Every structure is written in C-alpha cells, then in structure tokens.
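# Architecture and fold: a report
Single-letter residue listing:
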Amino acid sequence: MPDLRDMELLAALARNMHFARAAAESGISQPAFSARIRNLEMDLGAPIVKRGNRFMGFTKEGEIALRWAHRMIADAQGLRQEIQQSLGQLSGNLVIGTVPTALPFVANLAAKLREMHDSLAIQVYSRSADQITQGLEDFSLDAGVTYMDSTIPSGTKGQHNFDERYELLLPHGLMAGNDSEISWKDAAAFPLCLLTRNMFNRRIIDEAFATANAVPNIVMETDALTASLVQLTNGSAGTIATEQLAESNSVAVDILRLRLVDPVVTKPIGVIVSDREPVLPAVRALLKVVAQAA
C-alpha cells in the first residue's frame, strides 16, 4: 500500500512537471525523489512516469495513480482540519480554481474567509472552466468558481452567486465623447486584446459578436487578464471585461467604460464543490461565507 508521502511526491511531480523542481519543493534530493517514484512503480506493478532525457508526463497507470494521490492527500488534509477544528482552530489549505473574470469575487471571498479563520492558507488559481471541472474530479482543487449556465458536472454541487455583465474598456485616446453604452457591432471596430479561445469567456464574447453580425478587430490574445490590462493602460488596445472586473482596483480610473448592448449578455457565475462526504472543513467554511455573501 503506497504511503501518503509517496502520494505527496507524485502530486509534486504533477505540479512541477520536472523531477528536480519537484524534489526541491518536497525538500529532498533529486536522487532520493527519483528512487521513491521508482519504488512506487514497483509497488504498483506498473510504470507511472514516461521517461526520456527529461520528464515526459504520466502513463495511463500514472494518471490513475495521480487521481488517487490527490484523493488521499485531500482525505488526509480533511482529517487534520477536522482535528484542528475540534480544538478550536481551522488551519490547513484551501485550493480554489476560478475563471479569470471572477478573480475579484474570489479575492473578496478569500479576504472574508481569512477574517474568520486567520490560520487557513488559501491558494487561488486562474483556470478555464474545463480545468476547474477536471481539478474537482481529480481532487487537485477543493472548490471552483465558474459558469453555471451549463449542466453542473456530475459529482459536484453548486450555488449561483452573481451574473456577469460585459463592458468595453477603452483608453480615452481611442474614443472621444461621454457615451455610457455601445453596441457589440460598434465595439468590433476598436483594436481589442481578448482572452484566448480556449477560455469560456472568449466563447461568450465570440457568440455576442456573431449575434451582432460583427467581426472584432483582435490585435492580441492572452490567457492572462493582466496582459490585457497592460494593453489597456498603455493605450495600445481596448478589451472586453466583466462589470465586476471593471469596478475593481485593477482597472485604472481614467479608462473609458461602456456597457455592451445589442445584445445585452449576462452569464451566471457560482461556486461549485465536490458532492462527497465528509466535506473538507475548509470547504464548509467557504460555503458559509458564500451563503452570507448571497
């Protein structure tokens, strides 16, 4: 039976995709790390790592082992959190994956959660909707904040929290006037920096432009919101952002904000977690904060 330490090493390898970096993160030498992975393979009776001149990923059996590794780690963490909570303090880690446009919402949730449990370490990762679903399935994420207008993945439960609404953000040099709204068709004429096509938000934007029978002038694509905001603040291009992101401190106050209409598009966002028992105490605490914010 593999021990928990082996599972933690396997998870570290998945995070780093590199033996030396995974060993450094785990606090052991690379030879010792590699030896434990080989011993794990012997124990399981199957190769779990694809090997070449460098780490090349996991075998099919390795992917199975990794899913169980994440589950074992999550269960062990839940046990520790339950014990700590019984002693009057909630500690440990809470890992949240969020679609990029919901980062301000998640940041506020994390701040409120830390006010209640200052010993809880919260990790927030920007992920696509598909990556969030996968992360909940393989236990690499404890919770996700994602779009709720499609069927919630099996094995999860969720709560709708707010609706995304969309705005065109422009440097003042690209447009004069004091309009408060703009059609998607007119917005298409401006140079735009948008998220990459693998992101659900980009698919929403593309559908809105298609509905308006417009082809956007895309000058840059990125999977990081910060890159689009840099383009915005240096005057190179506009972007399309959610109302919540536009109201956050990450957007300069001198940026022109125009509500997008014709069509008016809204998309529900909510928190989803694995539907299993026992519930991780940190997840219970998160859901309590979410309910209070609703």
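These lines cover the structure that appears in this document, whether it is placed above or below. Computed from a predicted structure; not experimentally measured.

### Notes on empty space enclosed by the protein
The final tally for this structure, using the stated rule, is 2 cavities of 30 Å³ or more. Estimates place the volume of the largest cavity at around 130 Å³. Around the largest cavity, the lining residues are A74, L136, F139, L141, D142, V273, S274, R276, V279, L280 and V283. Residues belonging to the lining of the largest cavity are distributed by class as follows: 8 nonpolar, 1 polar and 2 charged. In terms of lining, the second largest cavity is formed by C193, L194, L195, N201, L225, S228, T239 and I240. Of all the secondary-structure elements, those providing two or more residues to the lining of the second largest cavity are β8 (191-195), α9 (225-233) and β10 (239-242). For the lining of the second largest cavity, the element with the highest residue contribution is β8, accounting for 3 residues. Tallied by class, residues from the lining of the second largest cavity come to 5 nonpolar, 3 polar and no charged.

### Details of unusual backbone geometry
Glycine aside, residues mostly have negative phi angles, and peptide bonds mostly take the trans form. Backbone torsion omega between D262 and P263 reads 5 degrees, so that peptide bond is classified as cis. The residue P263 is located in the loop between β11 (256-261) and β12 (266-274) in this model. A positive phi angle is found at F139, which is not glycine, with a value near 70 degrees. Secondary-structure assignment places F139 in the loop between α6 (129-137) and β5 (143-147). Even without glycine at this site, D262 takes up a positive phi of about 55 degrees. Residue position: D262 is located in the loop between β11 and β12.

### As for the layout of surface pockets
Counted as a void, the largest pocket has a volume near 920 Å³. Around the largest pocket, the lining comprises 31 residues; the ones closest to its centre are R15, H70, V95, F139 and S140. For the lining of the largest pocket, the secondary-structure elements that each account for two or more residues are α1 (4-16), α4 (60-86), β3 (92-98), β4 (120-126) and α6. For the lining of the largest pocket, the element with the most residues is α4, which contributes 9 residues. Class assignment of the residues belonging to the lining of the largest pocket gives a composition of 11 nonpolar, 13 polar and 7 charged. Quantified by volume, the second largest pocket comes out at close to 190 Å³. F19, Q30, N53, R54 and F55 are, among the 13 residues lining the second largest pocket, the residues nearest its centre. The element that contributes the greatest number of residues to the lining of the second largest pocket is helix α3 (residues 30-44), accounting for 3 residues. Per-class residue counts for the lining of the second largest pocket are 4 nonpolar, 5 polar and 4 charged.

### Focus: the packing of aromatic side chains
Here the structure, examined in full by the defined rule, presents 6 aromatic pairs. Both rings, one in Y147 and one in F200, keep their centres 4.5 Å apart while their planes meet at 40 degrees; by these two values the pair is tilted. Here Y147, found in strand β5, pairs with F200, found in helix α8 (residues 200-211); they are 53 residues apart in sequence, far enough to count as distant. Y147 gets classed as buried once you look at its relative accessible area, which sits at 6%. Chaining the aromatic ring pairs together yields one cluster made of F19, F33, F55 and F58.

### Points about the environment of A224
With respect to the helices and strands, A224 occurs in the loop between β9 (217-222) and α9. Accessibility expressed as a relative area gives 27% for A224, which makes it partly exposed.

### Side note on the pattern of salt bridges
Inspection of every chain in the model, using the stated rule, returns 13 salt bridges. Between D3 and R36 there is a salt bridge, with its nearest N and O atoms 3.4 Å apart. Linking D3 in the segment before α1 with R36 in helix α3, this pair joins segments that are 33 residues apart in sequence. The residue R197 makes a salt bridge to D206 at a minimum N-O spacing of 3.3 Å. Classification of D206 as partly exposed rests on a relative accessible area of 24%. Each of R197, R202, D206 and E221 takes part in one network of salt bridges that share partners.

About the thresholds
- Residues numbered from 1 in each chain as written.
- Predicted model: local features only at pLDDT ≥ 70, side-chain atom pairs only at ≥ 80, totals over all residues.
- Heavy atoms only, no water.
- 1 Å grid on protein atoms, 1.4 Å probe; cavity = no way out; pocket = protein on both sides within 12 Å on 5 of 7 lines; lining within 4 Å.
- Points joined across faces, edges and corners; volume = space filled by probe spheres on them.
- Nonpolar A, V, L, I, M, F, W, Y, C, P; charged D, E, K, R; others polar.
- Helix = DSSP H or I, 4+ residues; strand = E, 2+ residues; numbered from the N terminus.
- Phe/Tyr/Trp six-rings, centres within 6.5 Å; stacked < 30°, edge-to-face > 60°.
- Buried < 20%, exposed > 50% of the residue type's maximum accessible area, 1.4 Å probe, protein only.
- Salt bridge = Lys/Arg side-chain N within 4 Å of Asp/Glu carboxyl O.

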